[in-house]
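Architecture at a glance
In case you want the letters, here they are:
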Amino acid sequence: MLPVIDLAELDTPVGRERLREITHHVGFFYLDGHGVDRELLDRVFTVAREFFALPEASKQSIAMLNSPHFRGYNRVGGELTNGETDWREQIDIGPERQPIPGAAGYLRLQGPNQWPADLPDLEKTIEALDAALADVGMRLLRHWAASLDADPAIFDDAFAHAPATLIKVVRYPERPSADHTGEQGVGAHKDSGVLTMLLLEPGSSGLQVETETGDWIDAPARAGSFVVNIGELLEVATGGYLRATRHRVLTPAGAPERLSVPYFLNPALDATVPTIGLPPHLAERARGIELDPANPLYRTYGENAWKSRTRAHPDVYARWYPGEAEPE
Ligand SMILES: O=C(O)CCC(=O)C(=O)O
Ligand SMILES: [Fe+2]
């Protein structure tokens with residue numbers, strides 16, 4: 001089972017050291033004591049169910065294909081990980097901002113969301129969730145910084161102006177279905193941002209996490225907890241001391257469906273996450289940044305995000321940015 005950390009534990013040096021070691025070795029844990037209102041979390045899953053139950057035409061009216069900013073709905077099978085089709089439907093939501101006129105490259109990720117006209121509660125609920133989780137996420141980041149003997153506020157600047165949080169509301173249909181017998185709900189990947197807080201529907205399973213020895217362990221939902229994991233930018237910021245762990249979701253076999261809401265806490269698109277100068281006893285245990293030719297890691301969040309968005313949604317990329325280079 002994944003380790004459990006209570007947020008209150010992190011007020012002590014011993015608790016912070018535990019956070020640091022867990023995220024050095026495992027990179028994933030259950031977070032208890034986060035203080036986010038239970039009723040809000042229930043509301044998130046209620047509105048998620050309502051969204052997925054909308055008629056296909058309503059969902060398609062906010063298709064991501066309409067959005068040069070990679071926002072909106074993707075039907076089941078409309079997304080790729082490692083070049084393979086993921087078996088999930090989802091809506092991708094980011095900060096509600098105007099596009100940047102004349103923007104090039106990753107700055108084109110900034111822009112408005114698409115909201116379903118038939119479900120006004122979705123926007124309100126996601127807004128409330130964003131406020132609550134941004135607060136928990138920033139507290140965690142300060143604890144991480146302190147655990148690495150850095151200034152606890154070292155990450156604050158990168159998030160102070162226009163953080164590029166991404167929230168997904170996801171449904172994995174059951175397996176097998178008439179048109180899908182494969183296991184890939186979402187293929188093995190690292191998250192591209194700083195840290196992810198994952199809300200799992202109570203009772204659900206299917207998430208698997210890769211261990212240091214290359215085995216896969218199950219991470220079922222745990223009542224009252226979020227699952228937290230490190231993204232690639234924290235691996236980069238710590239020279240690989242903290243681990244951006246690969247994970248995947250198997251489509252539910254013998255269970256009706258699975259809902260999840262991953263919350264990706266990301267800095268501003270043009271922010272470069274500061275490199276943390278580790279004290280010698282930690283530096284000697286840093287593994288270095290994983291050099292995977294198939295998955296380059298960038299220090300600027302927007303570059304990393306552009307890589308992951310264009311790879312996951314080649315149809316959106318081709319429609320809005322024809323003639324640009326293959327996704328990296
Ligand atoms: O749905 C889940 O449990 C995990 C999803 C995930 O890893 C992702 O969207 O990055
Ligand atoms: Fe993920």
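Parameters at a glance
- Residues numbered from 1 in each chain as written.
- Chains lettered and ligands numbered in written order.
- Predicted model: local features only at pLDDT ≥ 70, side-chain atom pairs only at ≥ 80, totals over all residues.
- Heavy atoms only, no water.
- Donors = N, O, S within 2.8 Å, 3.2 Å for Na, K, Ca; no water.
- Pairing = 2+ DSSP bridges.
- Helix = DSSP H or I, 4+ residues; strand = E, 2+ residues; numbered from the N terminus.
- Axes fitted to C-alpha atoms, helices over the stretch in contact; angles between N-to-C directions.
- Salt bridge = Lys/Arg side-chain N within 4 Å of Asp/Glu carboxyl O.
- Buried < 20%, exposed > 50% of the residue type's maximum accessible area, 1.4 Å probe, protein only.

We now examine the coordination of the iron ion (ligand 2). Ligation of the iron ion (ligand 2) by protein atoms is provided by His 189 (NE2), Asp 191 (OD) and His 247 (NE2), these donors lying 2.1 to 2.2 Å from the ion. Spacing between the donor residues of the iron ion (ligand 2) along the chain follows H-x1-D-x55-H.

This next bit is on the sheet that holds strand β11 (residues 216-218). Sheet architecture is open: four strands sit in the order β8-β13-β10-β11, paired in antiparallel fashion. Looking along the sheet, the strands with just one partner apiece sit at the ends: β8 (184-189) and β11. When the angles between neighbouring strand axes are averaged without regard to direction, this sheet yields 25 degrees. One ladder, built from three bridges, connects β8 with strand β13 (residues 247-250); its direction is antiparallel. Bridged to His 189 within β13 is His 247.

Okay, the pattern of salt bridges next. When their charged atoms lie close together, side chains carrying opposite charge are able to pair. Applying the stated rule across the entire model yields 24 salt bridges. A salt bridge links Lys 124 to Asp 121, with the nearest nitrogen and oxygen atoms 3.4 Å apart. With Lys 124 and Asp 121 both in helix α4 (residues 121-147) and three residues apart, the pair spans about one turn of that helix. The class of Asp 121 is partly exposed, set by a relative accessible area of 38%. In this structure, Glu 212 engages Arg 287 in a salt bridge whose closest nitrogen and oxygen atoms are separated by 3.4 Å. With Glu 212 in the loop between β10 (207-210) and β11 and Arg 287 in the loop between α7 (280-283) and α8 (301-312), this residue pair connects regions lying 75 residues apart in the sequence. Put simply, Glu 79, Arg 88, Asp 92, Lys 168 and Arg 309 are held in one network by salt bridges that share partners.

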